[in-house]
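# Breakdown of the fold
The lines below spell out each chain.
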Amino acid sequence: MNRTLVIGCALLAPIVALAAVSLAWTPYGPADTTGGRLTPPGAAHLLGTDRLGRDLLTLVMIGARTALTTGVLAVAISALIGVAGGLAAGFAGRLADDVLAAALDILIAFPALILALLVVAAVRPSLFATVLAIGLAMSAVLARLTRALVKGVLAQDYITASRASGTSWPRIVTGHVLPNIWPALSVNLALQLGLAVLAEASLAYLGLGAPQPDISWGRLLREAQATVFTSPISLIAPGLLLAMLVAGANLAAQGLRLAADPALRVTR
Amino acid sequence: MLAYLARRTLLLAASLLVASAVLFVLLRLLPGDAATTLLSLDADAGQVAAVRRELGVDRPIPGQFAIWLDHLARLDFGRSFVSRAPVGEEIAARLDVTIPLTLMAFALAVVIAIPAGVRTAARGRSWVLAALTQLGLAVPVFWVGMLLMNVFALRLRWLPAGGFPPDGWADPMAALACLALPVLTVALVMSAVLVRYVHSATLDVLDSGYLRTARALGASFPAAMWRHGLRNAAAPVVPILGIELATTFVGAVVVEDVFALPGLGGLLVRAFERHDYPVIQGVLALSTFAVLAAGFLADLLQRLLDPRLRRSIAGSP
């Protein structure tokens, strides 16, 4: 464990804990409006209540669950499509590879948030639509990376040697290609987790995320905008947790890379 | 160089065509169309068909695309399904906000990032910088906007909290005051990304033999950096700038929402909610063109800065 990885995990841990606890217990129900409107933080409501009288700590805890779920599922979709696409392009013949590479370049020219907007417009807004949109939008970047990594591995002598000794292509993929590209891929997946969480918050903030009753930090922040004066904590708490989650994921990614490659002493 | 320019221009044109085709098909495949948005829920099938015919969305998709491309070539983006106003005019009216916002934020981000990146690379590792860039990468841009608005507009009352003068740039100071916080918001977040690239490019230069030689020959550090370092450090950063310009645009789109600015962002979000295809297409075609053009210019600039790129690779772009 290096220091970067430790800091990253330390930032992630409280959020994972909040989300885990929220599965079993929250101080109040997410729809309980019994706390009085805009109660300041106190013993009954550690973070106070929002303008509907809902307990802010409860909302923030459930928001942590939404953020983590979105992040993990979006990265899973991105990994599934991106790695498969990248592998296909890496192994494909010259023409198919050129076409795929050009298509990826064009997809990457669309900013991810705009691609996500397109997908959200296609499906009715829901948490699933958000996850799908973000996962698809991110998969192009991952596919391009995978393709480049696969090409690098396939050019190595040990692949030629392995082929010469009669290893089948599927075994080369599982035995040589995937293990060799995994370190670089895993770092990128961790980075994408942060990006996915940010994208989900942005969509929810713009009012294009999962609708009520789903709770997201992005929508909590949108709602906080109206009550900034009376209740600054409702603006600070979700944003701070969001920053912790994303920074934690980014630092953990860097830490993983440092751990995988000791030659990288200087962080760049 | 000429052959490269020709090939790169051809690639740019091809990407544009493919991108607009992808956009067009994707948007047409979406469920729910403008006819149902325009009419009330209890409209009968005949009314829906009539509106669909009037909007031209009942024709086969390739036919619609050909018409759209033909109009696009004449800079005619069609009419909004909802407001019936020409999309070109709707967009033009909002560029007054979005273009200055994007360009000023981009310029400010570069002005912050270059000295910060070079300085910290020269001085060795800085914990403050590392923490600040991590923070900049981790915070959502709209949250930064809300915090800045809360402090500088609502509490200190130095700057307006949002909105834009209805007569646009007629009073430049008023317009600038409205854009100050949005520009700062986007620039702060962007510079956190940029400073890392500048930092690592500078470190590469600092490691280089030519800089050590220049120092050994008696050039002071700033002189050596200025004559030999900066241009070498700039070469890998320039293509990143092309990409970052696109990111700045997206940041601007979201931040416009925070500060209630009448820019492209608001237009786009509303158009998405109402399935207003011509508006979505117009805005996205324009922004895609801008992104691809920025990449094109960045590539050219990189070639001008780095003569090695002009010679070595004959085949690849």
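On a predicted model such as this, the values are computed, not experimentally measured, just so you know. (Residues numbered from 1 in each chain as written. Chains lettered and ligands numbered in written order. Predicted model: local features only at pLDDT ≥ 70, side-chain atom pairs only at ≥ 80, totals over all residues. Heavy atoms only, no water.)

### Description of the overall build of chain A
Within chain A, the secondary structure is distributed over 9 helices and 0 strands. For chain A, the N- to C-terminal ordering of α and β elements is α-α-α-α-α-α-α-α-α. When its C-alpha atoms are laid out on the principal axes, chain A stretches across 75 × 45 × 30 Å. (Helix = DSSP H or I, 4+ residues; strand = E, 2+ residues; numbered from the N terminus.)

### Focus on the overall build of chain B
Looking only at helices and strands, chain B features 13 helices and 0 strands. Considering only contacts within chain B whose residues lie at least 6 apart along the sequence, 73% involve residues at least 24 apart. Carbon and sulfur atoms make up 68% of the accessible area of chain B, which amounts to about 15,600 Å² in all. (Contact = heavy atoms within 4.5 Å. Areas by Shrake-Rupley, 256 points an atom, 1.4 Å probe, with all protein chains shown as cover.)

### Some thoughts on the side chain of Asn150(B)
By the element assignment, Asn150(B) lies in helix H7 (residues 141-155). Residue classification places Asn150(B) among the buried positions, given a relative accessible area of 7%. Excluding anything up to four places from it in sequence, Asn150(B) contacts Val228(A), Leu235(A) and Arg155(B). (Buried < 20%, exposed > 50% of the residue type's maximum accessible area, 1.4 Å probe, protein only.)

### Overview of the side chain of Asp55(A)
All names here are of chain A. Note that aspartate 55 resides in the loop between helix H1 (3-24) and helix H2 (56-91). The side chain of aspartate 55 sits in the buried core without any salt bridge; arginine 54 is the nearest counter-charge, 10 Å away. A distance of 2.7 Å separates a polar atom in the side chain of aspartate 55 from a polar atom in the side chain of threonine 58. Beyond its immediate stretch of four places on either side in the chain, aspartate 55 contacts Pro27, Tyr28, Asp32, His45, Gly48 and Thr49. (Lys, Arg positive; Asp, Glu negative; His and termini not counted. Salt bridge = Lys/Arg side-chain N within 4 Å of Asp/Glu carboxyl O. Polar contact = N/O pair within 3.5 Å; in protein donor to acceptor, adjacent residues only side chain to side chain.)

### Quick notes on unusual backbone geometry
Backbone geometry places Arg84(B), a non-glycine residue, at a positive phi of 65°. Take Arg84(B): it is sitting in the loop between helix H4 (61-73) and helix H5 (87-123).

### Focus on the packing of aromatic side chains
The way to describe two aromatic rings as a pair is by their centre distance and the angle between their planes. For the structure on display, the rule yields 3 aromatic pairs over all chains. Arranged with centres 4.3 Å apart and planes meeting at 10°, the rings of Tyr205(A) and Phe142(B) form a pair that is stacked. With Tyr205(A) in helix H7 (residues 169-205) and Phe142(B) in helix H7, this pair bridges two chains. Each of the two residues, Tyr205(A) as well as Phe142(B), counts as buried. (Phe/Tyr/Trp six-rings, centres within 6.5 Å; stacked < 30°, edge-to-face > 60°.)

### Quick word on the confidence of the model for chain A
Averaged over all residues, the pLDDT of chain A equals 84, while 95% of them reach at least 70. Mean pLDDT across the elements of chain A ranges from a minimum in helix H4 (residues 112-122) of chain A, with 73, to a maximum in H2(A), with 91. (pLDDT = per-residue confidence, 0-100.)

### Some remarks on the domain arrangement of chain B
Here the domain parsing of chain B yields domain 1 (35-76) and domain 2 (92-314). One C-alpha centre belongs to domain 1 of chain B, the other to domain 2 of chain B; they are set 38 Å apart. (Domains from an automatic or database assignment.)

### Side note on the confidence of the model for chain B
Residues and elements named next belong to chain B. Residues with a pLDDT of 70 or more make up 90% of chain B, whose mean pLDDT is 80. Counting interchain partners and residues more than four positions distant, the pLDDT-below-50 stretch residues 312-317 has 4 contacts. Interface confidence for the predicted complex, expressed as ipTM, amounts to 0.84; the pTM equals 0.83.

### Focus: the packing of helix H11 (residues 264-273) of chain B against helix H12 (residues 277-305) of chain B
Residues and elements named next belong to chain B. Look at H11 against H12: their axes get within 9 Å of each other, and the N-to-C directions meet at 140°. The angle between the axes of H11 and H12 places the two elements in the oblique class. The chirality of how H11 crosses H12 is left-handed. Together, Leu264, Leu267, Leu268, Ala271 and Phe272 of H11 and Val279, Ile280, Val283 and Leu284 of H12 make up the contact between the two elements. Each residue belonging to the contact of H11 with H12 can be placed in one class, and the counts come to 9 nonpolar, no polar and no charged. (Axes fitted to C-alpha atoms, helices over the stretch in contact; angles between N-to-C directions. Parallel < 35°, antiparallel > 145°, perpendicular 65-115°, else oblique. Left-handed = near helix turned anticlockwise from the far one by under 90°. Nonpolar A, V, L, I, M, F, W, Y, C, P; charged D, E, K, R; others polar.)

### Some remarks on a nonpolar patch on the surface
Residues and elements named next belong to chain B. On the surface, a cluster of nonpolar side chains totalling about 290 Å² of accessible area is made up of Leu17, Val18, Val22 and Leu26. Here valine 22 shows up in helix H1 (residues 2-29). In this structure valine 22 comes out as partly exposed when scored by relative accessible area, which is 34%. (Patch = residues over 30% accessible without salt bridge, like charges linked within 9 Å, V, L, I, M, F, W, Y side chains within 5 Å.)

### A closer look at the nonpolar core
For soluble globular proteins, the rule of thumb is that nonpolar side chains tend to be buried together. In terms of nonpolar packing, the biggest core is built from 123 residues, with Leu203(A), Trp217(A), Leu245(A), Phe142(B) and Leu268(B) touching the most fellow members. The dominant element in this core, judged by the number of residues it contributes, is H2(A), at 15 residues. The contact partners of Leu245(A), leaving out residues within four places of it in the chain, are Leu12(A), Ile15(A), Ala67(A), Leu68(A), Val197(A) and Trp217(A). In this structure, Val198(B), Leu211(B), Ala224(B) and Ala233(B) belong to the second largest nonpolar core, which totals 9 residues. (Core = buried A, V, L, I, M, F, W, Y, C linked by side-chain atoms within 4.5 Å.)

### Quick look at the environment of Gln254(A)
By the secondary structure assignment, Gln254(A) is in helix H9 (residues 233-260). Sequence spacing of Gln254(A) and Thr4(A) is 250 residues, and the spatial spacing of their C-alpha atoms is 6.9 Å.

### Thoughts on the interface of chain A and chain B
On the chain B side, the residues contacting the 37 residues of chain A number 42 residues. A buried area of about 3,700 Å², summed over both sides, lies between chain A and chain B, and 74% of it is on carbon and sulfur atoms. Taken together, chain A and chain B are joined by 1 salt bridge. Salt-bridge contacts for Asp257(B) lead to Arg222(A); the nearest nitrogen and oxygen are separated by 3.1 Å. Looking at the side of chain A that touches chain B element by element, the count peaks at 11 residues for H9(A). Its residues assigned to classes, the side of chain A that touches chain B comprises 28 nonpolar, 6 polar and 3 charged. (Buried area = accessible area lost by both parts, 1.4 Å probe.)

### Regarding the pattern of salt bridges
Residue and element names in this part refer to chain A. Scanning all chains against the criterion turns up 5 salt bridges over all chains. Between glutamate 223 and arginine 54 there is a salt bridge, with its nearest N and O atoms 3.1 Å apart. With glutamate 223 in helix H8 (residues 217-224) and arginine 54 in the loop between H1 and H2, this residue pair connects regions lying 169 residues apart in the sequence. For the pair shown, glutamate 223 and arginine 54 are each scored as buried. Close ionic contact of glutamate 223 with arginine 219 constitutes a salt bridge, the shortest N to O distance being 3.6 Å. A residue pair is termed a helical-turn pair when its members lie 3 or 4 positions apart in one helix, as glutamate 223 and arginine 219 do in helix H8 at 4 residues.

### Here's the deal with the environment of Ile280(B)
All names here are of chain B. Inspection of the secondary structure puts isoleucine 280 in helix H12. Isoleucine 280 sits in the buried class, given a relative accessible area of 2%. For the pair formed by isoleucine 280 and valine 269, sequence separation is 11 residues and the distance between their alpha carbons is 8.7 Å.

### Regarding the packing of H2(A) against H7(A)
Residues and elements named next belong to chain A. Here H2 crosses H7 at 140°, and the two axes come no closer than 8 Å. For the pair H2 and H7, the crossing hand works out as right-handed. Together, Thr66, Ala67, Thr70, Gly71, Val72, Ala74, Val75, Ser78, Ala79, Val83, Leu87 and Phe91 of H2 and Trp169, Val173, Val177, Leu178, Leu185, Leu189, Gln192, Leu193, Ala196, Val197 and Glu200 of H7 make up the contact between the two elements. Within the contact of H2 with H7, the residues separate by chemical class into 17 nonpolar, 5 polar and 1 charged.

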